[in-house]
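Chain by chain, the residues run as shown.
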Amino acid sequence: ENEAVKEIVLDGAKLLAYSIGNIINLLGVDVIMLYGENFDLGEEYLGIIREEIEENSVTKAKITFAHLKNPAVEGALSVARTKIIEEVIEQRYQ
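Colleague: Got a minute to help me understand the pairing of strand 2 (residues 62-65) in this structure?
Modeller: On a regular strand, one side chain projects to one face of the sheet and the next to the other, so that they alternate. Side-chain alternation along strand 2 places I63 and F65 on a buried face and K62 and T64 on a face that remains uncovered. Strand direction decides the pairing type here: strand 1 (residues 31-34) and strand 2, joined by 4 bridges, are parallel. Across the sheet, residue M33 finds its bridge partner in strand 2, namely T64.

Okay, here's the thing in structure tokens:
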């Protein structure tokens with residue numbers, strides 16, 4: 001393993017955890033499901049995210065990977081995510 005790459009990936013996990021922690025604190029959600037190609041990094045990556053969130057979040061939530069097997073569901077989620085992002089940008093910057 002390349003240690004420099006591993007360090008970059010783990011730093012990315014910490015930054016992601018910070019953002020997820022903000023969402024948990026803001027919305028008070030009980031469960032966060034992570035999905036996408038970036039989350040194929042495994043349990044070590046998820047462990048870093050969980051640890052950072054536990055240390056820095058007021059509200060506790062379960063953090064897990066979503067394992068979708070149906071390409072149609074994946075496609076629908078991708079379209080929905082894109083639409084939501086477009087709406088947020090449109091509302092914020094108009």
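Colleague: What am I meant to see in the nonpolar core here?
Modeller: Nonpolar side chains in soluble globular proteins tend to end up buried together. Residues I20, I24, I32, L34, I49, I53 and I63 are the most contacted members of the largest nonpolar core, which totals 14 residues. When contributions to this core are tallied by element, the ones reaching two or more residues are helix 1 (3-27), strand 1, helix 2 (43-56) and strand 2. In this view, I20 contacts I32, L34, I49, I53 and I63; residues no more than four positions away in its chain are not counted.

Colleague: Can you walk me through the environment of N56 in this structure?
Modeller: Take N56: it is sitting in helix 2. With 31 residues separating them along the chain, N56 and N25 place their C-alpha atoms 9.6 Å apart.

Colleague: Sorry if this is basic, but what is going on with a nonpolar patch on the surface here?
Modeller: On the surface, I23, L26 and L27 cluster together into a nonpolar patch covering about 340 Å² of accessible area. Turning to its location among the elements, L27 is positioned in helix 1. Residue L27 is classed as exposed on the basis of its relative accessible area of 59%.

Colleague: Mind showing me how you'd approach the pattern of salt bridges here?
Modeller: A side chain of one charge can pair with a side chain of the opposite charge if their charged atoms are brought near each other. Per the stated rule, a full pass over the model turns up 1 salt bridge. Salt-bridge contacts for K6 lead to E44; the nearest nitrogen and oxygen are separated by 3.7 Å. Remark: E44 occurs in helix 2 and K6 occurs in helix 1; sequence separation between them is 38 residues. When its relative accessible area of 47% is taken as the criterion, E44 is described as partly exposed.

Criteria and thresholds
- Residues numbered from 1 in each chain as written.
- Predicted model: local features only at pLDDT ≥ 70, side-chain atom pairs only at ≥ 80, totals over all residues.
- Heavy atoms only, no water.
- Buried < 20%, exposed > 50% of the residue type's maximum accessible area, 1.4 Å probe, protein only.
- Helix = DSSP H or I, 4+ residues; strand = E, 2+ residues; numbered from the N terminus.
- Pairing = 2+ DSSP bridges.
- Core = buried A, V, L, I, M, F, W, Y, C linked by side-chain atoms within 4.5 Å.
- Contact = heavy atoms within 4.5 Å.
- Patch = residues over 30% accessible without salt bridge, like charges linked within 9 Å, V, L, I, M, F, W, Y side chains within 5 Å.
- Areas by Shrake-Rupley, 256 points an atom, 1.4 Å probe, with all protein chains shown as cover.
- Salt bridge = Lys/Arg side-chain N within 4 Å of Asp/Glu carboxyl O.

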